[in-house]
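# Reading the structure
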Amino acid sequence: MRHLKLTVMVAIFCLFVFSAPRFHHLPIPIAYAAVSDEVKKAWLDEVTEILGCYCGCDLTFKECEQDDPDCEIRPVIIQKLPATIESGGPSLVELGGCSCGCGYKLAECQEKHKDCTQRPRIHQQLKRLAIKYGSEKAFLHNSGIHISSAEREMFSEALKGRASLLYVHKEKSGGKSRYMKTLLKFQKQYEDRLALIPISLADNEEKTLINYYRIESPSVAMVAPNGAVTALFKGEPPATNLKRGLVSPKMEEILLAVQQGNTTYLCVARPDDMGFEEVKQTISSAVRKLGGIATAIWLDPSDRSEQSLLSALKYKGGKNTAPVFVIAPTGLLIEKIESGLTERRLFDSFQSILTMKSGCGQSTITGGSACQPGYGVTGESSCQ
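Looking now at the overall build of the protein chain. Tallying secondary structure elements over the protein chain gives 16 helices and 10 strands in all. Total accessible area computed for the protein chain in this model is approximately 18,300 Å², and 49% of it derives from carbon and sulfur atoms.

Quick look at the structure:
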């Protein structure tokens, strides 16, 4: 199965190259260099889903534990990881590998695989965990990765369940921009869901964040709490356009999967529907075997906040059904599986993705463009 995962990963990577960001709540204030065993355990559980094991398996530590239980390197590294969130501890980038498949430690990937698109996502996830567990100082001291002011605010707001409205401008102070009045008025309408964060293009401290979103000129980006870009506008769009970025929770999950280059298995069913548990077990098993190239999402059709998504799926409902929608890494709906679901059927869906046309100009489930998945719902087709 590992060979299947690697083959599919390479093929998907060759077909789809994205500009995409990658990202539980309850921020935990912990004093620097005073971390409880309980917090270490919680942190370790999360970080092992992010960092790769460099035993040659090209898997995250969590995946390696599942697929390679006899690995002798992983236990040694994991024993050292908790010390990285304390003062003077080892470096995360020296202990953890990059899960891009390069086989390098994160620090080595930085030097030997400069064009890696996975490493910046991993850095973002590690920064978020540093904010969540109050280990920012130790993270900087031990790993040398700086967390900027905007990143600190963005991750803190995300942990409160609020999206970030990033206003990237030319001025040294965004407050002097006339457009700030428009943004402040809009943010006030949705202050329970949205935080406004101005960023200057000239601020060297924010270069990493600006480059991460591939922003080169004044722009407005909306980033969901899970890290997905829901909307990205070049220039200063009217407030009516900004509202498009306020998408539903399940659409945020789909956008994140798309922007990570993953295939999505979206099951639409109520937890008590006949067949739901069997379908859930089948999808979960398949996603686990496919590692980081597939995502499972569960959508309850009775959730009123998801009616727009259900409409895009053309979901008609029906008693005791648990249809599975296969969504490509471009956001295109590949197929709808209503019966006879097996792992083999899910694996075979990759063949449909690999043989399909580019999808340029076709309608996506996200409402954005298959050509610009990193723009969320606002991407535009570049087809002529």
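As a further point, take the sheet that holds strand S6 (residues 229-234). Overall, mixed pairing links the 4 strands, which are arranged S4-S3-S5-S6 in an open sheet. Every other strand in the sheet has two partners, leaving strand S4 (194-200) and S6 as the edge strands with one partner each. Taking each pair of neighbouring strands and ignoring which way they run, the sheet shows an average axis angle of 15°. Note: strand S3 (residues 163-169) against S4, 7 bridges, orientation parallel.

By the element assignment, Glu 65 lies in helix H3 (residues 61-67). The spatial distance from the C-alpha of Glu 65 to the C-alpha of Cys 53 is 9.6 Å, given a sequence separation of 12 residues.

Counting buried residues in S6 gives 5 out of 6 residues, a clear majority hidden from the surface. Pairing of strand S5 (residues 219-223) with S6 involves 5 bridges; the strand directions are antiparallel. In the strand pairing of S6, Met 222 is matched with Ala 231. The hairpin turn running from S5 into S6, its antiparallel successor, is 5 residues long, and Gly 227 in that turn takes a positive phi close to 100°.

The next subject is helix H14 (residues 276-290). Between its terminal C-alpha atoms H14 stretches 21 Å, which fits the 21 Å expected from 15 residues at 1.5 Å a residue. When we look at burial in H14, the residues that qualify are Phe 276, Val 279, Thr 282, Ile 283, Ser 285, Ala 286, Val 287 and Leu 290.

A separate point is the sheet that holds strand S7 (residues 263-268). With mixed pairing, the 4 strands of this open sheet are ordered in space as S8-S7-S9-S10. Each having just a single partner strand, strand S8 (294-299) and strand S10 (333-337) make up the two edges of the open sheet. The sheet shows a mean angle of 20° between the axes of neighbouring strands, direction not considered. Both S7 and strand S9 (residues 324-327) contribute to a ladder of 4 bridges, which runs antiparallel. The partner of Tyr 265 across the bridge, within S9, is Val 326. Lying on the sheet, helix H13 (residues 249-259) is in contact with S7, S8 and S9; it crosses S8 at an angle near 170°. Packing against the sheet, helix H16 (residues 343-355) makes contact with S7, S9 and S10, and its axis sits at approximately 155° to S10.

This model, assessed by the stated rule, comprises 4 aromatic pairs. With 5.1 Å between their ring centres and 50° between their planes, Phe 186 and Tyr 190 make a pair best called tilted. Residue classification places Tyr 190 among the buried residues on the basis of a relative accessible area of 17%. With a centroid separation of 6.1 Å and 80° between ring planes, the pair formed by Phe 276 and Trp 298 is classed as edge-to-face. In this pair, Phe 276 sits in helix H14 while Trp 298 sits in strand S8, placing the two residues 22 residues apart along the sequence. Residue classification places Phe 276 among the buried positions, given a relative accessible area of 6%. For Trp 298, a relative accessible area of 23% puts it in the partly exposed group.

Moving on: H16. Among the residues of H16, Leu 346, Phe 347, Ser 349, Phe 350 and Ile 353 are the ones counted as buried. For H16, the angular spread of the buried residues around the axis is 135°, confining them to a single face.

Moving on to the packing of helix H7 (residues 118-132) against helix H9 (residues 149-159). At their nearest, the axes of H7 and H9 sit 9 Å apart, and the two run at 70° to each other. In terms of orientation, H7 lies roughly perpendicular with respect to H9. In this structure, H7 crosses over H9, and the sense of that crossing is right-handed. Seen from H7, the contacting residues are Gln 124, Lys 127, Arg 128, Ile 131 and Lys 132; seen from H9, they are Glu 151, Arg 152, Met 154, Phe 155, Ser 156, Ala 158 and Leu 159. Looking at the contact of H7 with H9, its residues break down into 5 nonpolar, 2 polar and 5 charged.

Turning our eyes to something else, we now look at the nonpolar core. The biggest cluster of nonpolar side chains holds 52 residues, and the ones touching the most others in it are Trp 43, Val 47, Leu 51, Leu 81, Leu 126 and Tyr 213. Considering each element in turn, this core owes the most residues, 5 residues, to H7. One finds Ala 163, Val 220, Leu 246 and Leu 313 within the second-largest nonpolar core, a separate group that totals 36 residues.

Next up on the list: the side chain of Gln 259. When you line up the elements, Gln 259 lands in helix H13. Of the residues examined, Gln 259 reaches a relative accessible area of 0% and is grouped as buried. At 2.7 Å, the side chain of Gln 259 and the backbone oxygen of Val 229 are in polar contact. A polar atom in the side chain of Gln 259 sits 3.1 Å from the backbone oxygen of Pro 373.

The next subject is the pairing of S10. The pairing of S9 with S10 spans 4 bridges and is classified as antiparallel. Directly across from Phe 325, in S10, lies its bridge partner Lys 336. The antiparallel hairpin formed by S9 and S10 contains 5 residues in its connecting segment, where Gly 331 sits at a positive phi of about 95°.

Rules of the game
- Residues numbered from 1 in each chain as written.
- Predicted model: local features only at pLDDT ≥ 70, side-chain atom pairs only at ≥ 80, totals over all residues.
- Heavy atoms only, no water.
- Helix = DSSP H or I, 4+ residues; strand = E, 2+ residues; numbered from the N terminus.
- Areas by Shrake-Rupley, 256 points an atom, 1.4 Å probe, with all protein chains shown as cover.
- Pairing = 2+ DSSP bridges.
- Axes fitted to C-alpha atoms, helices over the stretch in contact; angles between N-to-C directions.
- Buried < 20%, exposed > 50% of the residue type's maximum accessible area, 1.4 Å probe, protein only.
- Expected span 1.5 Å × (residues − 1).
- Contact = heavy atoms within 4.5 Å.
- Phe/Tyr/Trp six-rings, centres within 6.5 Å; stacked < 30°, edge-to-face > 60°.
- Arc of directions from axis to C-beta.
- Parallel < 35°, antiparallel > 145°, perpendicular 65-115°, else oblique.
- Left-handed = near helix turned anticlockwise from the far one by under 90°.
- Nonpolar A, V, L, I, M, F, W, Y, C, P; charged D, E, K, R; others polar.
- Core = buried A, V, L, I, M, F, W, Y, C linked by side-chain atoms within 4.5 Å.
- Polar contact = N/O pair within 3.5 Å; in protein donor to acceptor, adjacent residues only side chain to side chain.

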